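Tertiary structure, described
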Amino acid sequence: MSYSKKGWSLFCTIIVLVLVLAACGGGEAKEEAGAVQTEQASASPEIQSTDTRIVEHVLGKIEIPAQPQNVIGLFVEDEMSALGVKPIMQYSSGAYYQTYLEDYLKDVPKLDTAAFNFEAIMAAQPDLIILGFQGWAEEGTYEKLSKIAPTYVFTGSEIQYPQNWKKNLLIVADLLGKTEQAEVVINKREAETKLAKEQLQVAAKGKTAAMIRIHASKELRLYGGPGGQVGTALYGDFGLEPAPIIRKLAWGEDMDIQTISMEIIPQIDADYIFLAVDEGRENQAEELKESSMWKNIPAVQQGHVFEVRGDVWITNGPLAYEKKLENVMTAIIPNK
């Protein structure tokens, strides 16, 4: 079965239709959602928008609207968008932001987490603020934000590790009153991944893969596994075999990202390479592609180098994950 982008979109549409019907059963996702709500004080589905409830997070207990309407969710915009909720401000760090969400966050003003603009936050009149990283709550920031609106804080480990994607989504969904929508998203992802992995293990049998990123810092980074944002998806969920150089240099709990020199390029013996180029490093990418070392590695000679977005592959949200899967399916099972 071939997968052009159009074919992949049709495949996803069919999966969604099936799972929307299946979601009524609740299943495992409903049980997990219930666990999250129990920890954070569950709310009755009959509650009106003027009611509030108490939830607990890493910095204590807060009282939030049962149905928040104006939410600032920093680094959980992916989860919010997947649940059909548009935040009133979006995360940025300097010039960096999650550009792959532009279709969902058009005209949403950015909030630089490196220097919080409290006046802008107050002017936006949020009724709930969600911080994706506990570090953003330090040095008095949490206290200032809490005076504007109830503020929920994730710990860094919750957002950082892709294994927590379901828990993260369910927490955001519980805060927003969107647990049923989360169940549909979870079921859709699990069904798509299962089916795609079966297809990929046939199409890529005996083949290996690698991911390289030209980082904004000019570093060449080799992404491995088995954990991490890249390895969990590429080598775990999608079932691809890492190239030998990956297992040699970038495999292990503390080794999933390795900075490499140009001298390592000839050793990248992958059949498929996914190349991410950060904004501003386009010239460096062209220099790499024109080098003889690059031109002589197997994936290049086979025409199996595929450019992908770095902000997608280092993010764990459901929308980023969909794009990761689409990248891999389009590359390995192209339209004949």
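Residues numbered from 1 in each chain as written. Predicted model: local features only at pLDDT ≥ 70, side-chain atom pairs only at ≥ 80, totals over all residues. Heavy atoms only, no water.

Quick look at the confidence of the model for the protein now. Of all residues in the protein, 85% have pLDDT values of 70 or greater, and the mean over the chain is 87. The low-confidence segment residues 16–48, where pLDDT is below 50, has 42 contacts with residues more than four positions distant or belonging to other chains. (pLDDT = per-residue confidence, 0-100. Contact = heavy atoms within 4.5 Å.)

The next subject is empty space enclosed by the protein. The tally for this structure, following the rule as stated, stands at five cavities of 30 Å³ or more. The volume enclosed by the largest cavity comes to roughly 70 Å³. Taken together, Phe75, Val76, Glu77, Asp78, Glu79, Gln98, Ile159, Asn168, Thr315, Asn316 and Gly317 form the lining of the largest cavity. Classifying every residue of the lining of the largest cavity by side-chain character gives three nonpolar, five polar and three charged. Lining the second largest cavity, in full, are Pro162, Arg189, Gln229, Thr232, Ala233, Asp237, Asn316, Tyr321 and Lys324. Mapped by element, the contributors of at least two residues to the lining of the second largest cavity are helix 9 (228–237) and helix 15 (318–332). In terms of residue count, helix 9 provides more of the lining of the second largest cavity than any other element does, four residues in total. (1 Å grid on protein atoms, 1.4 Å probe; cavity = no way out; pocket = protein on both sides within 12 Å on 5 of 7 lines; lining within 4 Å. Points joined across faces, edges and corners; volume = space filled by probe spheres on them. Nonpolar A, V, L, I, M, F, W, Y, C, P; charged D, E, K, R; others polar. Helix = DSSP H or I, 4+ residues; strand = E, 2+ residues; numbered from the N terminus.)

A separate point is the packing of helix 9 against helix 15. Across the interface, helix 9 lies against helix 15 with an axial gap of 11 Å and an inter-helix angle of 50°. Classified by the interaxial angle, the pair formed by helix 9 and helix 15 is oblique. Along this stretch, helix 9 crosses helix 15, giving a crossing that reads as right-handed. Each of Gln229, Ala233, Leu234 and Asp237 in helix 9 lies in contact with helix 15, whose residues at this interface are Tyr321, Lys324 and Val328. In terms of residue class, the contact of helix 9 with helix 15 is built from four nonpolar, one polar and two charged. (Axes fitted to C-alpha atoms, helices over the stretch in contact; angles between N-to-C directions. Parallel < 35°, antiparallel > 145°, perpendicular 65-115°, else oblique. Left-handed = near helix turned anticlockwise from the far one by under 90°.)

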